[in-house]
Amino acid sequence: MTEKIYKLGKYTPADSMSDLICNNYPMLLVLSRFGISLGFGEKTIREVCHQNNVDEQTFLAVVNLLISSNREENQDFGNRSIQCLLDYLHNSHSYFLDFRLPSIRQKLLSALDIHHDNATKAIIRFYDLYVEQVHTHMEYEETTVFPYVRSLLSGIKRGDYNIRVFCRQHDNIESKLSELKNILIKYYPPGNADELNSVLFDIFACASDLASHNFIEDNLFVPMISQLELNVKKL
Amino acid sequence: MSKKIRVAIAEPSEILRAGIIDVLKRINALDIYIIEIADMNQLECVLCKYTPDLFIINPTVTEPRLTGKVRTLCGNNKMKSVALLHSLADSHTLEHYDDSVSIYDSAEQIRNKIIKLFDVDQHKDIPKELSKREKDIIVEVVKGLTNKQIADKLFISVHTVMTHRKNIAAKLQIHSPSGLTIYAILNNLVDL
């Protein structure tokens, strides 16, 4: 077992932001998606959130859910939290589509050996098809789900859609990326090990980021919106 | 590969129960479902209701013949029982159980005992190497042929083609035609 010190229980507003990040470096991604930049010194989570105009409840819900994988039951979120989570998810989409996935493509191209020209073409084609699927997946959320949620936030419940529809269609998008990683590990001929390793590390990390992203959507976003649907109906 | 195993844990101590469950969680190859029993008065009733595959019990809290009794009572003859030992126990008590684990056993030891009890041979899986026929199928898939076209070309039924494709996916863990294309090129099955 790897020895690692970890905090027992959840992070609270009074904990220091730098402790959170240093003990859980994947939370760096969460920071930037909430629009929080580094350089917060000794400030607490509450102070940093306040300073950056981020809803602290939403921030902690995301962080604690990602770290512990357990959802806090019966947590009541207001409209401000939902708006904040929408921004977070949107930023997360642009991170994958505009930064992460293109950068992996770039690295793949330079890691793959020119001597295996056909294989390289097939791998890039596989990758491009995959990226297109991710685009479609996230585009659907941006153009259908998020506008639906915004209209709910303004008190309008449209009859033709509800969040359960999203829930049913929401498939895991990282599995095909893992497939690529398996193919490279199992069958790619010896060559430029350092570059190939580096892109494999990126693919592993990206697959797990995508899984976390989906996890937040399924376990925080969906329950929040179901609750909002109920509240709007009551009006 | 993973087989569903329902495990009932009868142990009044919450700390020990939580500990056992945490250790079971670390056993990756198995798909484990937990039934916790804290109150020994409900033992028979819970065991009959959930018909577990494996029953882990602290032997000091019940009579040794309980396992046999439950097996006949609910017709769950296949249920295995394992004694959870906090300290040394005499062989007379233990002969009523299929096996025993000590609270000082490592996750690895517990895993091996469970695997032995359920005869989950992880290497019994279909051979991982592709057959000649499966390679033929891959070549046709890579060319873009439909299952129907492949069936006609190789003089086999569409159903057989689908079975082959399922086995290929299981062996290689590659599910898409574009993934198979990469495989085929890297393994010199095709020359595009």
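Here the structure is a predicted model, which is why all the values come from computation and not from measurement. (Residues numbered from 1 in each chain as written. Chains lettered and ligands numbered in written order. Predicted model: local features only at pLDDT ≥ 70, side-chain atom pairs only at ≥ 80, totals over all residues.)

## Overview of the overall build of chain A
Inference 1: For chain A, the helix and strand inventory stands at nine helices and zero strands.
Inference 2: Helices and strands appear in chain A in the N-to-C order α-α-α-α-α-α-α-α-α.
Inference 3: Taken along its principal axes, the extent of the C-alpha atoms in chain A is 65 × 50 × 30 Å.
Inference 4: When the 235 residues of chain A are sorted by exposure, 25% land in the buried category.
Inference 5: Of the contacts made within chain A by residues no fewer than 6 positions apart, 75% connect residues no fewer than 24 positions apart. (Helix = DSSP H or I, 4+ residues; strand = E, 2+ residues; numbered from the N terminus. Buried ≥ 20, exposed ≤ 12 C-beta atoms within 10 Å, placed from the backbone. Contact = placed C-beta atoms within 7 Å.)

## Re the overall build of chain B
Inference 1: Helix and strand counts for chain B stand at nine helices and five strands.
Inference 2: Along the chain direction, N to C, the helices and strands of chain B fall in the order β-α-β-α-β-α-β-α-β-α-α-α-α-α.
Inference 3: Since a compact globule built from 192 residues should have a radius of gyration of about 16 Å, the 24 Å found for chain B marks it as more spread out than a globular shape.
Inference 4: Each of the three principal axes of chain B carries a C-alpha extent, and together these read 70 × 30 × 25 Å.
Inference 5: Going through the 192 residues of chain B one by one, you find that 24% of them count as buried. (Rg over C-alpha atoms; globule rule 2.2 N^0.38 Å.)

## Some thoughts on the sheet that holds strand S4 (residues 80-85) of chain B
Residue and element names in this part refer to chain B.
Inference 1: The parallel open sheet is built from five strands, whose spatial order is S2-S1-S3-S4-S5. Every other strand in the sheet has two partners, leaving strand S2 (31-37) and strand S5 (99-102) as the edge strands with one partner each. On average, adjacent strands in this sheet sit at an angle of 25 degrees to one another, irrespective of strand direction.
Inference 2: Those strands touched by helix H5 (residues 107-118) are strand S1 (4-10), strand S3 (54-57), S4 and S5, and its axis lies near 165 degrees from that of S5. (Pairing = 2+ DSSP bridges. Axes fitted to C-alpha atoms, helices over the stretch in contact; angles between N-to-C directions.)

## Here's the deal with unusual backbone geometry
Residue and element names in this part refer to chain B.
Inference 1: Despite not being glycine, Gln-173 has its phi angle at roughly 60 degrees, a positive value.
Inference 2: With respect to the helices and strands, the residue Gln-173 is situated in the loop between helix H8 (158-172) and helix H9 (177-186).
Inference 3: According to the C-beta neighbour criterion, Gln-173 is partly exposed, with 15 such atoms within 10 Å.
Inference 4: Although it is not a glycine, Asn-188 sits at a positive phi angle of roughly 55 degrees.
Inference 5: Here Asn-188 shows up in the segment after H9.

## Focus on the packing of helix H6 (residues 117-153) of chain A against H9(B)
Inference 1: Viewed as axis vectors pointing N to C, H6(A) and H9(B) meet at an angle of 165 degrees, and their least axial separation amounts to 9 Å. As far as their axial angle goes, H9(B) and H6(A) are roughly antiparallel. The way H6(A) lies across H9(B) gives a crossing that is left-handed. Contacts between H6(A) and H9(B) involve Asn118(A), Ala119(A), Ala122(A), Ile123(A), Arg125(A), Phe126(A) and Leu129(A) on the former and, on the latter, Ser178(B), Gly179(B), Thr181(B), Ile182(B), Ile185(B) and Leu186(B).
Inference 2: A breakdown of the residues in the contact of H6(A) with H9(B) according to their chemical character gives eight nonpolar, four polar and one charged. (Parallel < 35°, antiparallel > 145°, perpendicular 65-115°, else oblique. Left-handed = near helix turned anticlockwise from the far one by under 90°. Nonpolar A, V, L, I, M, F, W, Y, C, P; charged D, E, K, R; others polar.)

## Regarding the domain arrangement of chain B
Inference 1: Domain parsing of chain B yields domain 1 (4-118) and domain 2 (132-186).
Inference 2: Taking only C-alpha atoms into account, the centre of domain 1 of chain B sits 45 Å from that of domain 2 of chain B. (Domains from an automatic or database assignment.)

## Considering the environment of Ala38(B)
Residue and element names in this part refer to chain B.
Inference 1: With respect to the secondary-structure elements, Ala-38 resides in the loop between S2 and helix H2 (43-50).
Inference 2: The exposure class of Ala-38 is exposed, given the 12 C-beta atoms found within 10 Å.
Inference 3: For Ala-38 and Glu-14, which are 24 residues apart along the polypeptide, the C-alpha to C-alpha distance reads 7.5 Å.
Inference 4: In contact with Ala-38, not counting residues within four places along its chain, are Pro-12, Glu-14 and Arg-17.

## Considering the environment of Tyr95(A)
Residue and element names in this part refer to chain A.
Inference 1: Relative to the assigned elements, Tyr-95 resides in helix H5 (residues 79-111).
Inference 2: Between the C-alpha atom of Tyr-95 and that of Arg-33, which follows or precedes it by 62 residues, the distance is 8.0 Å.
Inference 3: Discounting chain neighbours no more than four positions away, the residues touching Tyr-95 are Arg-33 and Arg-100.

## Observations concerning the interface of chain A and chain B
Inference 1: Residue-level contacts link 14 residues of chain A with 13 residues of chain B.
Inference 2: Broken down by element, the side of chain A that touches chain B gets its largest block of residues, seven residues, from H6(A).
Inference 3: The residue inventory of the side of chain A that touches chain B, partitioned by class, reads nine nonpolar, two polar and three charged.

## Observations concerning the domain arrangement of chain A
All names here are of chain A.
Inference 1: Under the domain assignment, chain A is made up of domain 1 (17-66) and domain 2 (79-234).
Inference 2: Between domain 1 and domain 2, the C-alpha centre-to-centre distance is 22 Å.
Inference 3: Contact with domain 1, which involves eleven residues of that partner, is made by 13 residues of domain 2.
Inference 4: For the side of domain 1 that touches domain 2, the elements supplying multiple residues, two or more each, are helix H2 (27-33) and helix H4 (56-68).
Inference 5: Sorting elements by how many residues they give to the side of domain 1 that touches domain 2 places H4 first, with six residues.
Inference 6: A per-class count over the side of domain 1 that touches domain 2 returns seven nonpolar, two polar and two charged.

## A look at H9(B)
Inference 1: Taken across its ten residues, H9(B) has eight buried, putting it largely inside the fold.
Inference 2: Looking at H9(B), one finds that the buried residues are Ser178(B), Gly179(B), Leu180(B), Thr181(B), Ile182(B), Tyr183(B), Ala184(B) and Ile185(B).
Inference 3: Those residues of H9(B) that are buried are in contact with H6 and helix H8 (175-187) of chain A together with helix H6 (132-142) and H8 of chain B.
Inference 4: Positive backbone phi, approximately 55 degrees, marks Asn188(B), located one or two places after H9(B).

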